[in-house]
Amino acid sequence: MAWDFETDPEFEAQLQWMRDFIDSELIPLEPIFRELSREEWAPVKAYLQGQVKERGLWGAFLDPKLGGPGFGQLKLALMSEIIGRCMMSMTIFGVQAPDSGNMELLAHGATDEQKERWLWPNLRGEISSAFALTEPFLAGSDPTVIGTTATRDGDEWVIEGHKWFITNASVADITLVVAETNPEGRPHKHASILIVPAGTPGMEVVRDIGTMAHPDVVEGRPGNHAELRFRDCRVPLDHMIGAAGDGFVLAQQRLGGGRIHHAMRWLGQAQRSLDIMCERAVSRSSHGSLLAQHQMVQDYVALSHTEIQAARLLTFQTAWKMDKYGASPVCAELGMIKAHVSKVVLAVLDRTIQVCGALGYSSDLPVEEWYRGTRFGPIGDGPDELHKSVLARTILKGYTPVEGWPTEHIPSRRPAAEEKWRALQAAAAGTT
Ligand SMILES: Cc1cc2nc3c(=O)[nH]c(=O)nc-3n(C[C@H](O)[C@H](O)[C@H](O)COP(=O)(O)OP(=O)(O)OC[C@H]3O[C@@H](n4cnc5c(N)ncnc54)[C@H](O)[C@@H]3O)c2cc1C
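Note that this is a predicted model, so its numbers are computed, not measured.

Asks: Can you tell me about the overall build of the protein, naming the residues and giving the values?
Replies: Within the protein one finds 13 helices and 10 strands. Evaluated residue by residue, the protein yields a buried proportion of 44% over its 432 residues. Sequence separation of at least 24 residues holds for 72% of the intrachain contacts in the protein that already meet a minimum separation of 6. Of note, the protein has its 42 positive side-chain charges centred 5 Å away from the centre of its 55 negative side-chain charges.

Asks: Quick one: what's the story with the site of the ligand, residue by residue and with numbers?
Replies: The environment of the ligand is formed by 18 residues, the closest being Phe131, Thr134, Gly140, Ser141 and Glu385. With respect to the ligand, the side chain of Thr134 contributes an N or O atom lying 2.6 Å from a nitrogen atom. Relative to its unbound accessible surface of 970 Å², the ligand loses 65% to contact with the protein. Within the residue set of the shell around the ligand, elements represented by two or more residues are strand E1 (129-132), strand E3 (156-167) and helix H12 (384-396). It is E3 that provides the largest number of residues to the shell around the ligand, a total of three residues. Broken down by class, the residue content of the shell around the ligand amounts to 10 nonpolar, six polar and two charged.

Asks: Give a detailed account of the nonpolar core, specifying residues and quantitative values.
Replies: In terms of nonpolar packing, the biggest core is built from 81 residues, with Met18, Phe21, Phe93 and Ile241 touching the most fellow members. Sort the elements by how many residues they give to this core and helix H8 (residues 247-281) lands first, with 12 residues. Sequence-distant contacts of Met18, defined by excluding residues within four places in its chain, comprise Leu57, Met79, Ile82, Ile83 and Phe93. In this structure, Ile159, Ala172, Val177 and Phe230 belong to the second largest nonpolar core, which totals 19 residues.

Asks: How would you explain the layout of surface pockets if you had to name every residue and give the values?
Replies: Estimated volume of the second largest pocket: approximately 560 Å³. When contributions to the lining of the second largest pocket are tallied by element, the ones reaching two or more residues are helix H4 (73-83) and helix H9 (295-325). Broken down by element, the lining of the second largest pocket gets its largest block of residues, five residues, from H9. Taken together, the residues that form the lining of the second largest pocket break down as eight nonpolar, two polar and five charged.

Asks: How would you sum up the packing of helix H1 (residues 9-26) against helix H3 (residues 38-54)? Please name residues and give values.
Replies: It is the contact of H1 with H3, at a shortest axis distance of 12 Å, that shows an interaxial angle of 170°. As the angle between them shows, H1 and H3 are arranged roughly antiparallel. Contacts from Trp17, Phe21, Glu25 and Leu26 in H1 reach Leu48, Gln51 and Val52 in H3. Residue classes in the contact of H1 with H3 are distributed as five nonpolar, one polar and one charged.

Asks: Give a detailed account of H12, specifying residues and quantitative values.
Replies: Think of an α-helix as 3.6 residues a turn; residues three or four steps apart then line up on the same face. Between its terminal C-alpha atoms H12 stretches 18 Å, which fits the 18 Å expected from 13 residues at 1.5 Å a residue. Looking only at H12, the buried set comprises Asp384, His387 and Leu391. Looking straight down H12, one finds its buried side chains confined to an arc of 65°; they lie on one side. Along H12, exposed side chains directed more than 90 degrees from the buried face belong to Glu385 and Leu396. Of the surrounding elements, those touching the buried residues of H12 are H8 and helix H10 (331-361).

Asks: So what's going on with the environment of Cys331? Which residues, and what values?
Replies: Mapped onto the elements, Cys331 comes out in helix H10. On the accessibility criterion, Cys331 (42% relative accessible area) is partly exposed. Once the C-alpha coordinates of Cys331 and Leu391 are considered, the two residues, 60 residues apart in sequence, prove to be 8.8 Å apart.

Asks: Can you tell me about the environment of Pro366, naming the residues and giving the values?
Replies: For Pro366, the position within the fold is in the loop between H10 and helix H11 (367-374). Accessibility expressed as a relative area gives 26% for Pro366, which makes it partly exposed. In this structure the C-alpha to C-alpha distance between Pro366 and Lys388, which are 22 residues apart in sequence, comes to 30 Å.

Asks: Describe in detail the pairing of E3, supporting the description with residues and values.
Replies: Two strands pair when backbone bridges link them, and strand E2 (residues 149-153) and E3 are joined in this way by five bridges, in the antiparallel orientation. Paired with Thr149 across the two strands is Glu160, which belongs to E3. The antiparallel hairpin formed by E2 and E3 contains two residues in its connecting segment, where Gly154 sits at a positive phi of about 60°. In this structure, E3 lies alongside strand E7 (residues 225-236), joined through nine bridges in antiparallel fashion. Looking at the pairing, Trp157 lines up with Val235 of E7.

Asks: Pulling in residues and values, what's your account of unusual backbone geometry?
Replies: With omega at 5°, the peptide bond leading from Ala97 into Pro98 counts as cis. Among the structural elements, Pro98 can be located in the loop between helix H5 (89-92) and helix H6 (99-109). Cis peptide bonds are those with omega within 30 degrees of zero, and the linkage from Arg186 to Pro187 qualifies with 5°. Turning to its location among the elements, Pro187 is positioned in the loop between strand E4 (174-180) and strand E5 (191-197). A positive phi is found at Asn168, a non-glycine position, where the angle reads about 70°. Mapping Asn168 onto the fold places it in the loop between E3 and E4. Although it is not a glycine, His287 adopts a positive phi angle of roughly 50°. The residue His287 is located in the loop between strand E9 (285-286) and strand E10 (289-290) in this model.

Parameters at a glance
- For every chain, the first residue of the written sequence is number 1, and numbering continues from 1 onward in sequence order.
- The predicted nature of this model means local features are confined to residues of pLDDT at least 70 and side-chain atom pairs, given and counted, to a pLDDT of 80 or more, with totals for whole chains, interfaces and linings taken over all residues.
- The basis for every side-chain value is the complete set of heavy atoms in the structure, and neither hydrogens nor water enter the calculation.
- Runs of H or I in DSSP of at least four residues are treated as helices and runs of E of at least two as strands, each being numbered from the N terminus.
- Here's how the labels work: a residue is buried when its accessible area is under 20% of the maximum for its type, exposed when over 50%, partly exposed in between, all with a 1.4 Å probe on protein chains only.
- We call two residues in contact when some of their heavy atoms are within 4.5 Å.
- Asp and Glu are treated as the negative residues and Lys and Arg as the positive ones, with His and the ends of the chain left uncounted.
- Charged groups are reduced to one reference atom each: NZ for lysine, CZ for arginine, CG for aspartic acid, CD for glutamic acid.
- Residues are classed as near a molecule or strand on a simple rule: at least one heavy atom within 4 Å of it.
- Residues adjacent in sequence count toward polar contacts only when both atoms are side-chain atoms; beyond that, a polar contact is any pair of N or O atoms within 3.5 Å, and within protein one must be able to donate a hydrogen and the other to accept it.
- Surface exposure here means Shrake-Rupley accessible area, sampled with a 1.4 Å probe, where a residue is shielded only by the protein chains that are shown.
- Side-chain classes are defined by residue name, with Ala, Val, Leu, Ile, Met, Phe, Trp, Tyr, Cys and Pro counting as nonpolar, Asp, Glu, Lys and Arg as charged, and the others, Gly among them, as polar.
- Each nonpolar core is a collection of buried residues, namely Ala, Val, Leu, Ile, Met, Phe, Trp, Tyr and Cys, held together in the definition by side-chain atoms within 4.5 Å.
- For cavity detection a 1 Å grid was placed over the protein atoms alone, and a set of points counts as a cavity when a 1.4 Å probe fits there but cannot get out; an open set counts as a pocket when protein lies on both sides within 12 Å along at least five of seven lines, with lining residues being those that have an atom within 4 Å of a point.
- Grid points are joined across faces, edges and corners, and a volume is the space filled by probe spheres set on the points.
- Geometry is summarised by axes, namely lines fitted to C-alpha atoms with helices restricted to the contacting stretch, and by angles between N-to-C directions that run from 0 to 180 degrees.
- Throughout, the term roughly parallel applies to angles under 35 degrees, roughly antiparallel to angles over 145, roughly perpendicular to angles from 65 to 115, and oblique to all others.
- Multiplying one less than the number of residues by 1.5 Å gives the expected span of a helix.
- This arc describes the spread of directions from the helix axis toward the C-beta atoms.
- If DSSP finds at least two bridges between two strands, the strands pair.

These figures capture arrangement, not role.
And the structure:
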């Protein structure tokens, strides 16, 4: 029976290397990381990335069947849990969002020529990418309605529109823009994806938007979220990924994987947060006992541990299903994972802040920053309400309505039960 919760020893050795590498090379940098300039960081980043590449662990989000160096979703989940412990690890291991999702999209929809031009350089870390779907004046949770348009003019597509919250767009080399090309194909065959290289006339980076994670936003830093305007922005016809009208389906490919990848990393952040909570609980006393001896604090610890373990199993099982059956059959589960784990990690972060008291609320500990940074979880990549609604509708499809009493109505079942009993009694009498 193939039902196994163990990691094979060879891969476990890779995971252990990752833990050691992140603990010894990356986490120690955290207190000064924000002060480093991009120029100072670049050579050190390349040096650290080199070690990950040498170890064969770079860019593992992209499955080999899509031409990537990955190991499948379950192994990626195990890796991501470790990567999630430290924010900068994503870049060092080449699994940084939104590049990872964009590369998945290109792997699914781009021609060989387009892959040579944009996918493989992105995978090697030579260029970076952004993905522009959300708009300020239309609900981002409903991608069937898009205000940005692309119309064909000779051998060019002309983009007009307004996007916002586009992660990394102010620093990315290319932006994958979702625009309506086929209004007659609404709701699902109306949009297309076009590559707009940085500096293309007509694409204006209006600003980087201040957020909970970065209220005092420093313009032009990776990790920012930009507002973009497109006015008579022209790109050649070969900058379209897939055919006109394929955009919605391609975007779903991208978003599906992205949802579980976020969840995988949140598990690592949640566990590190719980470690902080527990260390504090066994170190500080109030009212004559350690915090760890107060039952309500014990409840926080036990609940957090239980929630993390349950979320891990749910995430790993869905990753395993993706490896076995592909992403499409588990589409609703990918949303379920995102909605569930985003709540778990925020709850654990919140309890950690509570147990650490004023210290937890302060920026002397990393937890308040993680909380602010992770609060996007229930909103980004489609709000959790939507994912829960999709999940519920998927579940409900498996049920048929009944007339009258419910199937489980006990009085209605009684005659059949009595008949069954008589038959079993007769059968038993015959054999004794
Ligand atoms: C940190 C961050 C990074 C992001 N990066 C990108 C990016 O790189 N590219 C990009 O294109 N977008 C990006 N986004 C945008 C993100 O995808 C959208 O915020 C998200 O899809 C929700 O859209 P909205 O913000 O327009 O909210 P709306 O669609 O206006 O929804 C607002 C709220 O309404 C409720 N709601 C909406 N629909 C339903 C429903 N069907 N059922 C029940 N309740 C509902 C939910 O509570 C939801 O939170 C990013 C967002 C954040 C916060």
